[in-house]
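# Observations on the model geometry
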Amino acid sequence: MTHRPPVIVSSESPFATDVFVTRHPALVERLLTAWSFGPEQEHRLRELAEESAHGVIRPLPTGAHGAELWDGWGREYFGRPWTEAPFLWAESFFYRRLLDAAGYFDAGAWRQVDVFAPFKEAELAGESVSATLSALDGLADLDEDARGRALLLASLWGNRADLGFQLTAGRPQEASGLVADESERLWEVLRGSPGGTVAVVADNAGAELVADLVLIDHLLATGLAGDVVLHVKPAPYYVSDATSADVRLCRYRLRTAGPAARAVEARLREASTAGRLRVGTDAFFCAPFDYTALPERLRTPFAAASVTVMKGDLNYRRLVGDRWWEPTVPFAEATDYFPGPVAALRTLKSDVVVGLAPEVPDRLDASVPGWRTAGTHGLLQLAGAPWSRSRHRLL
């Protein structure tokens, strides 16, 4: 395996520090506004918010669901400020603590209640998704390749999916803001192994998951994939992460939209019935580790897939490692441990990035402060597949 640089500790990153000091307490306040929690839940949530900003990491309560596992995973970090632990581990543990504080694993009325559901449902009912679904009706006028490119960009951009769907074959990349674009290689891999299995590891619910489902339908309908496995989280995790319940809600949203969206959902339903579309999950997707620790039960199907598509920023951090990589280190080098071909579709929302041409980070550092974390740029990268001439460009 390639030598891997040091992990990102939150205190070394202004962005990561802000997550614990500012963003987590703000999230707790949003939850307290959205729900009528009982006094014990409210106390635990406020205590967690204060702890994230100013306190030290405390373990899960004795007897809590999964406490023994987390005690082993976090022994060296307990009693230290949140910002002194590795960012990936600490952020994961914050959300596990949040679910515990909200009563997600307890017996009672709050058991397995997705406290992030109001935010997900509001996005699903919002203008972005409506624009996305309306634009679907116009995609029939595009040829298959142009339609595929538009759907791929829509899946990458998530809540900017409406922009992606409305791109035409004329100048799609010019509007995309990609810092690396290996989409042609991805299409070559799919065309080179038609009828194979494509694994998609989802990121966000809402608009992004709708776009993912439409892209999956395109892969199945065109024969570029014989079957697709869509991997989601087994429980609520980061605020907008997709679960199997979110898949059902997004499919219902497709079913209640215009003709093209309804046709997509009908084909997805048929594919599900035939076993060509499967929704899977695994506890590892909520673990505080990068993908070098993949259990064999996931390594085996990923190795057998024509390509595994990792969606979003968190999956990117777990795929390459949440580490201080030089941005010009090849993506294939950072992912050389992965058991099969893997593609990353990601909007940049954290410090980590690899696989860029040398002039790209220099140009962006000089002209676009905060470009790594602002969500204004994206990338599409591929590794583990036969090499061909690829593009690394700022568009």
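Preceding this paragraph is the structure being described.
About the thresholds
Residues numbered from 1 in each chain as written. Predicted model: local features only at pLDDT ≥ 70, side-chain atom pairs only at ≥ 80, totals over all residues. Heavy atoms only, no water. Buried < 20%, exposed > 50% of the residue type's maximum accessible area, 1.4 Å probe, protein only. Helix = DSSP H or I, 4+ residues; strand = E, 2+ residues; numbered from the N terminus. Pairing = 2+ DSSP bridges. Polar contact = N/O pair within 3.5 Å; in protein donor to acceptor, adjacent residues only side chain to side chain. Contact = heavy atoms within 4.5 Å. Salt bridge = Lys/Arg side-chain N within 4 Å of Asp/Glu carboxyl O.

Moving on, we come to the pairing of strand E3 (residues 227–232). Counted residue by residue, E3 has six buried out of six residues, so it is predominantly covered. Going residue by residue along E3, you find Asp-227, Val-229 and His-231 tucked away on one face and Val-228, Leu-230 and Val-232 tucked away on the opposite face as well. In this sheet, strand E4 (residues 277–281) lies alongside E3 in parallel orientation, the contact comprising five bridges. Looking across to E4, one finds that Val-232 is bridged to Thr-281.

The subject of this paragraph is the side chain of Lys-120. For Lys-120, the location among the structural elements is in helix H5 (residues 117–124). Since its relative accessible area comes to 6%, Lys-120 is described here as buried. Here Asp-241 takes part through its backbone oxygen, which lies 2.8 Å from a polar atom of the side chain of Lys-120. Discounting residues that sit within four places of it in the chain, Lys-120 has contacts with Asp-114, Ala-205, Val-239, Ser-240, Asp-241, Thr-243 and Asp-246.

Okay, the pattern of salt bridges next. Taken as a whole and judged by the stated rule, the model has 23 salt bridges. As a salt-bridge pair, Asp-145 and Arg-191 come within 3.6 Å of each other at their nearest N and O atoms. Placement of Asp-145 in helix H7 (residues 144–157) and of Arg-191 in helix H9 (residues 183–192) is noted, with a sequence separation of 46 residues between them. Overall, the relative accessible area of 42% leaves Arg-191 in the partly exposed class. Note that Arg-255 and Glu-265 form a salt bridge whose closest N and O atoms lie 3.3 Å from each other. Here Arg-255 is found in helix H11 (residues 244–255), whereas its partner Glu-265 is found in helix H12 (residues 259–273), with 10 residues between them in sequence. Via salt bridges that share partners, Glu-47, Glu-51, Arg-58 and Arg-97 belong to a single interconnected network.

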